[in-house]
6 protein chains.
Amino acid sequence: MQQYPPNIEHIDQDMLKVEVNLDDTPGEWLGYVMEKLFDAGANDVYYTPIYMKKNRPAVQLQLLCSKELLTEIQSILLKETTTLGIRYYPITVFRMERRTRKIKLKWGEVTLKEGLQDGTVVKVSPEYEDCRLLAEKYGIPLKDVYAAVWRQIEVGTT
Amino acid sequence: MQQYPPNIEHIDQDMLKVEVNLDDTPGEWLGYVMEKLFDAGANDVYYTPIYMKKNRPAVQLQLLCSKELLTEIQSILLKETTTLGIRYYPITVFRMERRTRKIKLKWGEVTLKEGLQDGTVVKVSPEYEDCRLLAEKYGIPLKDVYAAVWRQIEVGTT
Amino acid sequence: MQQYPPNIEHIDQDMLKVEVNLDDTPGEWLGYVMEKLFDAGANDVYYTPIYMKKNRPAVQLQLLCSKELLTEIQSILLKETTTLGIRYYPITVFRMERRTRKIKLKWGEVTLKEGLQDGTVVKVSPEYEDCRLLAEKYGIPLKDVYAAVWRQIEVGTT
Amino acid sequence: MQQYPPNIEHIDQDMLKVEVNLDDTPGEWLGYVMEKLFDAGANDVYYTPIYMKKNRPAVQLQLLCSKELLTEIQSILLKETTTLGIRYYPITVFRMERRTRKIKLKWGEVTLKEGLQDGTVVKVSPEYEDCRLLAEKYGIPLKDVYAAVWRQIEVGTT
Amino acid sequence: MQQYPPNIEHIDQDMLKVEVNLDDTPGEWLGYVMEKLFDAGANDVYYTPIYMKKNRPAVQLQLLCSKELLTEIQSILLKETTTLGIRYYPITVFRMERRTRKIKLKWGEVTLKEGLQDGTVVKVSPEYEDCRLLAEKYGIPLKDVYAAVWRQIEVGTT
Amino acid sequence: MQQYPPNIEHIDQDMLKVEVNLDDTPGEWLGYVMEKLFDAGANDVYYTPIYMKKNRPAVQLQLLCSKELLTEIQSILLKETTTLGIRYYPITVFRMERRTRKIKLKWGEVTLKEGLQDGTVVKVSPEYEDCRLLAEKYGIPLKDVYAAVWRQIEVGTT
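Keep in mind the model is a prediction, meaning the values are calculated, not measured. (Residues numbered from 1 in each chain as written. Chains lettered and ligands numbered in written order. Predicted model: local features only at pLDDT ≥ 70, side-chain atom pairs only at ≥ 80, totals over all residues. Heavy atoms only, no water.)

Right, let's get into the overall build of chain A. Scanning chain A for helices and strands turns up 4 helices and 7 strands. Each helix and strand of chain A, ordered N terminal to C terminal, gives the series β-α-β-β-α-β-β-β-β-α-α. The C-alpha radius of gyration computed for chain A amounts to 20 Å, which surpasses the reference 15 Å derived for 158 residues by more than 25%, pointing to a less compact arrangement than a globule. Each of the three principal axes of chain A carries a C-alpha extent, and together these read 55 × 45 × 25 Å. Every one of the 158 residues in chain A was classed for burial, and the buried ones make up 67%. Within chain A, contacts between residues separated by at least 24 positions form 56% of all contacts whose residues are at least 6 apart in sequence. Taken as a whole, chain A presents about 6,000 Å² of accessible surface, with 47% of it coming from carbon and sulfur. Put simply, chain A has 21 plus and 23 minus side-chain charges, and the middle of one group is 3 Å from the middle of the other. (Helix = DSSP H or I, 4+ residues; strand = E, 2+ residues; numbered from the N terminus. Rg over C-alpha atoms; globule rule 2.2 N^0.38 Å. Buried < 20%, exposed > 50% of the residue type's maximum accessible area, 1.4 Å probe, protein only. Contact = heavy atoms within 4.5 Å. Areas by Shrake-Rupley, 256 points an atom, 1.4 Å probe, with all protein chains shown as cover. Lys, Arg positive; Asp, Glu negative; His and termini not counted. Charge placed at Lys NZ, Arg CZ, Asp CG, Glu CD.)

Residue and element names in this part refer to chain D. The phi dihedral of Lys54 is positive, around 60°, even though this residue is not glycine. Here Lys54 lies in the loop between β2 (44-52) and β3 (56-66). Under the relative-accessibility criterion, Lys54 is labelled partly exposed at 32%.

Under the fitted operation, chain A is carried onto chain B by 0.0 Å of movement along the axis and a turn of 180°, and the coordinates agree to an RMSD of 0.0 Å. Here the transformation between the copies is reduced to the relation of a two-fold axis. Among all residues of chain A, the minimum C-alpha distance to the rotation axis is found for Pro26 of chain A, at 2.3 Å. The overlap is high: 100% of the interface residues of chain A also sit at the interface in chain B, so the same surface is used on both sides. (Least-squares fit on C-alpha atoms with pLDDT ≥ 70 in both.)

As a packed pair, helix α3 (residues 128-138) of chain A and helix α1 (residues 27-39) of chain D sit with axes 11 Å apart at the nearest point and diverge in direction by 30°. Here α3 of chain A and α1 of chain D pass one another in a crossing that is right-handed. Residues Tyr128, Arg132, Ala135 and Glu136 of chain A of α3 of chain A form the contact with α1 of chain D, whose own contacting residues are Glu28, Tyr32, Glu35 and Lys36 of chain D. (Axes fitted to C-alpha atoms, helices over the stretch in contact; angles between N-to-C directions. Left-handed = near helix turned anticlockwise from the far one by under 90°.)

What follows deals with helix α4 (residues 142-152) of chain F. The buried fraction of α4 of chain F amounts to 9 of the 11 residues, a majority that puts the element mostly inside the structure. Along α4 of chain F, the residues classified as buried are Leu142, Lys143, Asp144, Val145, Tyr146, Ala147, Ala148, Val149 and Trp150 of chain F.

Residue and element names in this part refer to chain C. Reading across the sheet, the 3 strands line up as β5-β6-β7 and stay open at both edges, with antiparallel pairing between neighbours. Pairing within the sheet leaves two strands with one partner each, and these edge strands are β5 (97-105) and β7 (120-126). Neighbour to neighbour, the strand axes of the sheet diverge by 30° on average, direction disregarded. Two elements, strand β6 (residues 108-117) and β7, share 6 bridges in a ladder whose sense is antiparallel. The residue of β7 that forms the bridge with Gln117 is Thr120. (Pairing = 2+ DSSP bridges.)

Here we take up the relation of the copies chain F and chain A. Related by rotation about an axis and a shift along that axis, the two copies of the chain form a pair. Of the transformation placing chain F onto chain A, the axial shift is 0.0 Å and the rotation is 120°, giving an RMSD of 0.0 Å. The superposition operator between the copies reduces to a three-fold rotation axis. Both copies present different contact surfaces, since only 12% of the interface residues of chain F are interface residues in chain A too.

What follows is about the interface of chain A and chain B. Between chain A and chain B, the residue contacts involve 17 residues of the former and 17 residues of the latter. Around 1,300 Å² of area is buried between chain A and chain B when both sides are counted, 65% of it from carbon and sulfur atoms. Inspection of the chain A/chain B interface yields 4 residue pairs in polar contact (both at pLDDT 80 or more). Secondary-structure elements contributing two or more residues to the side of chain A that touches chain B are α1 (27-39), β2 (44-52) and β3 (56-66) of chain A. By residue class, the composition of the side of chain A that touches chain B is 8 nonpolar, 4 polar and 5 charged. (Buried area = accessible area lost by both parts, 1.4 Å probe. Polar contact = N/O pair within 3.5 Å; in protein donor to acceptor, adjacent residues only side chain to side chain. Nonpolar A, V, L, I, M, F, W, Y, C, P; charged D, E, K, R; others polar.)

What follows concerns the pairing of strand β3 (residues 56-66) of chain E. All names here are of chain E. Among the 11 residues of β3, 11 are classified as buried, and the element is accordingly described as predominantly covered. In β3, alternate side chains face the same way, and those of Arg56, Ala58, Gln60, Gln62, Leu64 and Ser66 on one face and Pro57, Val59, Leu61, Leu63 and Cys65 on the other are all buried. Pairing analysis gives 8 bridges linking strand β1 (residues 10-22) to β3, with the strands arranged antiparallel. Residue pairing in the sheet places Leu22 in a bridge with Val59 of β3. Bridge count for strand β2 (residues 44-52) against β3 is 9 bridges, and the pairing is antiparallel. Looking across to β3, one finds that Val45 is bridged to Leu63. Hairpin connection from β2 to β3: 3 residues lie between these consecutive antiparallel strands, with Lys54 at a positive phi of about 60°.

The subject of this paragraph is the interface of chain F and chain A. Between chain F and chain A, the contact holds 24 residues from the first and 26 residues from the second. Summed over both partners, the interface of chain F with chain A comes to about 2,100 Å²; 58% of that surface belongs to carbon and sulfur atoms. At the junction of chain F with chain A, the criterion picks out 3 salt bridges. One can count 13 residue pairs in polar contact (both at pLDDT 80 or more) joining chain F with chain A. Those elements giving two or more residues to the side of chain F that touches chain A turn out to be β1 (10-22), β2 (44-52), β3 (56-66), α2 (70-80) and β4 (85-95) of chain F. (Salt bridge = Lys/Arg side-chain N within 4 Å of Asp/Glu carboxyl O.)

Residue and element names in this part refer to chain A. Bridge analysis of strand β5 (residues 97-105) against strand β6 (residues 108-117) gives 9 bridges, and the strand direction is antiparallel. Each bridged residue has a counterpart across the sheet, and for Arg99 the counterpart in β6 is Glu114. Between β5 and β6, which pair antiparallel and follow one another directly, the connecting turn spans 2 residues.

One pass over the structure, following the stated rule, counts 66 salt bridges over all chains. We note a salt bridge from Arg87 of chain C to Asp44 of chain B, for which the minimum N-O separation is 3.8 Å. Note that Arg87 of chain C is positioned in strand β4 (residues 85-95) and Asp44 of chain B in strand β2 (residues 44-52), a pairing that runs across two chains. The two residues Arg87 of chain C and Asp44 of chain B agree in class, both being buried. Of the charged contacts in the structure, one is a salt bridge between Arg99 of chain E and Glu114 of chain E, with a shortest N-O distance of 3.1 Å. Separated by 15 residues along the polypeptide, Arg99 of chain E in strand β5 (residues 97-105) and Glu114 of chain E in strand β6 (residues 108-117) bring together distant segments of the chain.

Take the side chain of Arg56 of chain B next. Summarising the element assignment, Arg56 of chain B is placed in strand β3 (residues 56-66). Apart from residues lying up to four places away in sequence, Arg56 of chain B is in contact with Gly27 and Glu28 of chain A, Asp23, Ile50 and Tyr51 of chain B, Tyr128 of chain D together with Asn55 of chain F.

We now examine the domain arrangement of chain A. Split by domain assignment, chain A resolves into domain 1 (10-95) and domain 2 (97-155). Here the C-alpha centre of domain 2 of chain A lies 30 Å away from the C-alpha centre of domain 1 of chain A. (Domains from an automatic or database assignment.)

Here the focus is the packing of α1 of chain A against helix α2 (residues 70-80) of chain A. Residue and element names in this part refer to chain A. α2 packs onto α1 with a crossing angle of 160° between their chain directions and a minimal axis gap of 10 Å. Comparing their axes, α2 and α1 come out roughly antiparallel. Seen from above, α1 lies across α2 with right-handed handedness. Note on element contacts: α2 touches α1 through Ile73, Ile76, Leu77 and Glu80, opposite Trp29, Tyr32, Val33, Lys36 and Leu37. Its residues assigned to classes, the contact of α1 with α2 shows 7 nonpolar, no polar and 2 charged. (Parallel < 35°, antiparallel > 145°, perpendicular 65-115°, else oblique.)

Residues and elements named next belong to chain A. Strand order in this open sheet of 3 strands is β5-β6-β7, and the pairing throughout is antiparallel. Here the strands that pair on one side only, and so sit at the sheet edges, are β5 and β7 (120-126). Averaged over all adjacent pairs, the angle separating strand axes in this sheet is 30°, with direction ignored. The strands touched by α3 are β5, β6 and β7; relative to β6, the strand with the most contacts, the crossing angle is about 155°.

Written out as structure tokens, the structure reads:
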């Protein structure tokens with residue numbers, strides 16, 4: 001398994017998509033399971049509404065993780081959900097070159113995540129948690145914090 | 001409460017939409033609940049996927065019933081789901097004039113449901129259960145039974 | 001029915017929400033129906049995925065229209081979908097004071113929609129179709145046109 | 001407005017359902033908005049996936065609140081989302097008689113929420129946050145905490 | 001293709017996920033198709049709401065089957081739906097060790113499905129159809145049958 | 001890479017499924033992105049509602065394209081959405097033998113798409129855009145144009 005510095009553009013061949021269909025796990029538990037899976041190192045965890053046999057509205061849990069995490073992820077799914085089976089397949093992940101930097105708003109600092117192509121920044125977005133903290137601290141709309149960020153950044157063709 | 005012959009075009013002012021949000025009822029039970037609600041006389045019962053607090057994928061059960069059924073419907077919802085509260089509001093229902101008649105396919109008879117405006121048939125659809133029975137009895141695709149029906153009917157402008 | 005100049009903050013008591021559940025209309029027709037309903041003057045038309053009896057994945061069509069449009073809207077729904085019944089209920093709509101103005105980007109003009117509270121602009125968003133035209137004309141990402149807009153606008157607390 | 005002790009079975013006529021359709025608010029902000037709305041006293045807040053014009057996957061925010069909260073709720077929606085309009089309608093809420101009590105598991109106490117009909121407990125469920133704390137403190141599956149609760153409770157006909 | 005006794009923990013490398021996107025098949029037919037696919041031996045069949053071009057709300061049918069079933073499954077999809085193309089990819093399935101046993105409730109017997117890790121039962125759930133039969137026979141809530149089961153079982157850490 | 005005449009039954013081994021999860025791209029942009037992806041040659045593009053961490057309702061964009069299109073598709077996704085990563089996996093596509101022919105309705109011509117198995121037409125559907133043009137030109141329901149088509153065609157067992 002070849003290792004890349006995580007922020008350089010690369011293609012990751014060591015990832016799995018893992019899936020379970022859940023028609024007898026209450027939604028209440030699924031919010032909890034999501035946290036456990038992120039804590040264990042899953043790169044992404046998300047739910048899709050599905051419709052199963054016998055008129056059952058149900059949920060598909062999907063997650064992305066590196067192959068080496070599979071055993072731990074399976075163990076969580078078996079412990080925390082009602083499933084008796086777990087499905088997975090390899091998935092290739094292309095990741096842009098990434099970089100972070102900080103900018104100053106009048107309320108405080110916000111981290112920017114930048115995506116680069118051929119050394120040029122083509123994509124910028126503020127760190128949600130930073131914006132949220134400022135919004136809550138100063139009692140301003142989150143939207144206005146984002147707006148303040150956007151006024152300071154230049155991307156791509158603009 | 002004014003009564004209309006059910007097949008004449010009319011506006012029904014005596015219907016309710018009933019809703020419950022369910023984040024701790026497993027999908028497995030919900031297929032069952034749907035049947036109980038139809039058995040009790042609900043006009044329609046359906047599920048919508050929703051997303052609730054604490055990252056919970058959940059389900060909204062909605063149903064239509066006449067006002068006089070409310071007590072019985074509530075009783076089923078309280079017994080068969082985990083909800084402690086039930087919400088409802090009046091909903092007006094416009095219903096087209098309806099009529100049924102039978103047609104003969106080479107495999108047997110199928111009931112047609114017709115919708116009329118100003119005495120003219122503007123809408124025709126075969127009864128699903130009739131088509132299904134023929135499809136299963138003769139081992140033919142359901143789609144082909146419908147196709148055979150469509151070849152025999154004329155509607156609206158056509 | 002009291003008339004308000006459409007751009008002044010007001011509460012509209014003359015609106016209806018109209019709903020139909022569709023389990024035998026193919027998706028292909030529904031894109032078409034949406035257009036017809038907007039053409040007829042519906043204020044909003046949207047689809048929600050639902051699950052109906054007999055394991056049928058289905059679609060709920062919902063729309064908002066003024067009460068006086070109801071007859072025309074019903075007529076379209078009866079002609080263009082397979083439903084035999086249409087449901088509706090009154091819905092109150094609060095509308096912010098609105099205003100439009102134009103700004104200049106390096107590629108051309110874009111209309112801004114502004115929302116005001118107590119005479120202050122608290123919300124600004126560019127007209128999608130304007131941004132789209134510039135993006136297509138100059139071969140630039142739509143996202144970059146929006147970014148260029150955001151850099152020029154000041155809202156609310158920012 | 002008549003006041004009921006909150007835990008007695010009653011029908012609440014003072015509630016509103018509030019709705020906004022959002023096709024230009026990023027999902028990232030919507031998690032934040034949900035919190036603000038609950039903090040302001042909304043009884044329930046949830047998201048439904050919808051499909052809007054111009055091929056836009058979008059989200060309907062729905063919430064329940066008492067009529068007297070409407071002004072504050074509207075203010076949050078106008079500040080924190082991109083909507084220029086807010087829709088609402090009255091909704092009746094039936095609420096079961098409720099009671100809480102505590103039980104002891106081997107790991108600690110858990111609050112039970114009970115629903116009563118005619119003085120009899122017909123529904124029991126443990127408080128999620130209590131179960132979650134025990135699960136995290138003792139490193140056991142959440143599911144096992146619930147199972148331990150279920151072994152101690154008797155409901156309805158059982 | 002290596003064969004495992006179905007109830008022993010194993011990893012199945014001979015499964016496929018099959019997918020079709022359906023924007024011109026009415027929901028009414030899809031309930032029927034689901035049955036045909038289960039009858040043919042599919043391990044799982046489920047529907048996901050999707051949004052396709054031209055504003056079409058549509059449905060993705062997904063199913064799991066063993067590779068050797070592919071020809072039969074394809075044949076059903078081509079006959080019963082409107083699709084002209086079928087997509088598939090291999091998917092690995094981990095299956096827990098399983099066992100069933102019966103327990104006695106006061107209304108009758110219910111089968112339990114148990115999942116085992118390293119010889120220990122870590123997961124138990126009652127057979128839905130057994131519970132349903134008892135609920136219907138004795139006119140009791142399904143939920144109460146499940147509750148009666150839960151009071152008799154011990155799992156995992158509890 | 002072996003080339004098949006596109007209309008002959010064949011199995012295509014050169015296709016990819018590409019996926020991105022989007023929780024910070026507004027729905028407004030996604031309608032636009034869909035067009036760009038189809039213009040670039042994607043065979044299918046569709047959206048699925050998903051639920052991500054931090055209570056975010058979000059969207060999964062999925063598309064099918066040939067392997068040789070991957071670079072161009074990636075470039076569009078990176079330019080037009082907010083994602084920093086793109087996931088993909090090979091997917092096999094079975095395609096039926098296809099043929100088109102024209103039929104005459106009283107309003108004009110419509111193209112039929114036919115699917116064949118072993119030289120026999122087992123599936124026929126009209127070209128949506130043809131039907132739509134006739135419906136709009138003559139002010140008739142789209143449904144009636146389809147009905148007129150169905151009356152003229154014979155398929156499979158019928």
